[in-house]
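Spelled out, the chains give:
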There are 2 protein chains.
Amino acid sequence: MPRIRIVLIEPLNDGNVGAVARSMKNFGLDELVFVRPCEIGEEATKRAMHAVDVLKRARIASTEDEALEAADYIVGTSGVDTANEKKFSRISVTPNEFAEKIAGCEGTVAILFGREDFGLDNDMVRRCDFLVTIPADPEYPILNISHAAAIIMYELFTSGLVRESPRKASELEMVKLNEFFSKLLDAIDYPEHKKKKTRVMFRRMIARSVPSTWEFHTMMGVLDEAAKRSLQDSSRGKH
Amino acid sequence: MPRIRIVLIEPLNDGNVGAVARSMKNFGLDELVFVRPCEIGEEATKRAMHAVDVLKRARIASTEDEALEAADYIVGTSGVDTANEKKFSRISVTPNEFAEKIAGCEGTVAILFGREDFGLDNDMVRRCDFLVTIPADPEYPILNISHAAAIIMYELFTSGLVRESPRKASELEMVKLNEFFSKLLDAIDYPEHKKKKTRVMFRRMIARSVPSTWEFHTMMGVLDEAAKRSLQDSSRGKH
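Residues numbered from 1 in each chain as written. Chains lettered and ligands numbered in written order. Predicted model: local features only at pLDDT ≥ 70, side-chain atom pairs only at ≥ 80, totals over all residues. Heavy atoms only, no water.

Caption draft 1: Looking closely at the side chain of Thr77 of chain B. Residue and element names in this part refer to chain B. With respect to the secondary-structure elements, Thr77 resides in strand β4 (residues 73-77). Among the polar contacts listed, one links the side chain of Thr77 to the backbone oxygen of Leu112, at a separation of 2.7 Å. Beyond its immediate stretch of four places on either side in the chain, Thr77 contacts Ile111, Leu112, Phe113, Leu120, Leu131, Val132 and Ile152. (Helix = DSSP H or I, 4+ residues; strand = E, 2+ residues; numbered from the N terminus. Polar contact = N/O pair within 3.5 Å; in protein donor to acceptor, adjacent residues only side chain to side chain. Contact = heavy atoms within 4.5 Å.)

Caption draft 2: Looking closely at the interface of chain A and chain B. The interface of chain A with chain B comprises 68 residues on the first partner and 74 residues on the second. With both chains or domains summed, chain A and chain B bury close to 5,900 Å², and 61% of this area falls on carbon and sulfur atoms. Taken together, chain A and chain B are joined by two salt bridges. Among the salt bridges present, the one from Asp189 of chain A reaches Arg229 of chain B, with a minimum N-O distance of 2.8 Å. Residue assignment for the side of chain A that touches chain B shows that the elements contributing at least two residues are α1 (14-26), α2 (42-48), α5 (95-102), α7 (145-160), α8 (171-187), α9 (192-209) and α10 (213-235) of chain A. Among the elements that line the side of chain A that touches chain B, the one with the most residues is α10 of chain A, at 13 residues. (Buried area = accessible area lost by both parts, 1.4 Å probe. Salt bridge = Lys/Arg side-chain N within 4 Å of Asp/Glu carboxyl O.)

Caption draft 3: Summary view of the nonpolar core. Ile6, Leu32, Phe98 and Ile111 of chain A together with Ile6, Phe98 and Ile111 of chain B are the most contacted members of the largest nonpolar core, which totals 128 residues. Leaving out residues up to four positions away in the same chain, Leu32 of chain A has contacts with Ile6, Leu8, Val20, Ala21, Met24, Val54, Ala58 and Arg59 of chain A. (Core = buried A, V, L, I, M, F, W, Y, C linked by side-chain atoms within 4.5 Å. Buried < 20%, exposed > 50% of the residue type's maximum accessible area, 1.4 Å probe, protein only.)

Caption draft 4: Here's a closer look at the sheet that holds strand β3 (residues 59-61) of chain A. All names here are of chain A. In spatial order, the strands read β3-β2-β1-β5-β4-β6; together these six strands make up an open sheet with parallel pairing. Across the chains shown, the open sheet's two edge strands, defined by having one partner strand only, are β3 and β6 (130-132). Within the sheet, the average angular offset between the axes of one strand and its neighbour, ignoring direction, is 25 degrees. Sheet analysis places strand β1 (residues 3-9) next to strand β2 (residues 31-35), joined by five bridges and oriented parallel. Bridge pairing links Ile6 to Leu32 in β2. Against the sheet, α5 touches β4 (73-77), β5 (108-113) and β6, its axis set at about 145 degrees to β6. Packed onto the sheet, α7 meets β1, β4, β5 and β6 and runs at close to 155 degrees relative to β5. (Pairing = 2+ DSSP bridges. Axes fitted to C-alpha atoms, helices over the stretch in contact; angles between N-to-C directions.)

The analysis is restricted to geometry; functional conclusions fall outside its scope.
Okay, structure coming up:
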């Protein structure tokens, strides 16, 4: 995983700065750099909540170059995407694509956010290795800066997670559950010509719901009991 | 695509409310409902930016039931996930999984956000068809409410960009299916103290699998027949 540095260039609103710090801590990041920031006051502290430490450790750089020192990748964020080839420097990737592309990188990735009212200037945009735009409604595509940051960090965090599934039922359990369903079909004298299709349907539904071990055991209990009672009913004759 | 309704239950901070409205407009949503909200004042208007219209059209409901009227799916958001099987009602999906599952649904999906300091209470959590938790650093997993909302809406927006909808079972059909399962539990003399939990489990599993109309009818047929036979068996005495 790369090391992520969040760089806020000329933030105007310290409430936003606090909110960015909080989101950083939510997603396990801690390197925050400001370039020519507004005063970082009480509102920042309030909105940072339990991430005041991130705020306090933040570094203030006087130039963009200083903020980008030792960064291996420079990533810009932009509220406006373009498919216009002449403005190709503004052609961007989605946060998801960005997270996937960057996931295997070593080194430091600096993610830049421009001023709330202005974004990044063209010079800065040209320096970026990636430009990331969050897909949004063309009618109002400009997100609040801390929300844009949160979404990008969320994508980085989730792409980095090796998703484990400790509580999923095993393949063997799934097979068993399907067998019990099949037995229930037998027990209720389900029409022979429809059995196969219905078994496949149940298997697909269960697979889609990705049951936990506990859910598997509970369902199996219900199906088993229903099958037993239906069978006893059948064996006693018609109804 | 389903119709999305954002429901804020007892929001405490009107700045957050404004920020949620802005994010909604960023992601093309406009149905906002409050239950017993704080005063929605200047800070809300300021943070809503160009989404003041969303804020103004928001509806105030006096009860949760009123806010959830005509909702086909109820979705809770929770800052705390659990792998603890005993607290299964708190087992949740990620925003991405949620967006994928809901993408093809028809009808209205109500997404609930609880109080900033408290979240949703247990009764409300139990009523939910889905519980969504944003993966985050276990050291500080609690996101600001408007950031949590933005991430979930972002996932819905991006998943909706590429997906088309096959015919999914309606809410009425889902309710019917759950009723038939409930009747089956009665018919097999399922332990009274486990019924509630098992009904919630089945509802969640089915919601996760997002059944088609055909699957719904087929499952209902099986459950109905099994219940009838089990009942006849019971009425004939012990076994």
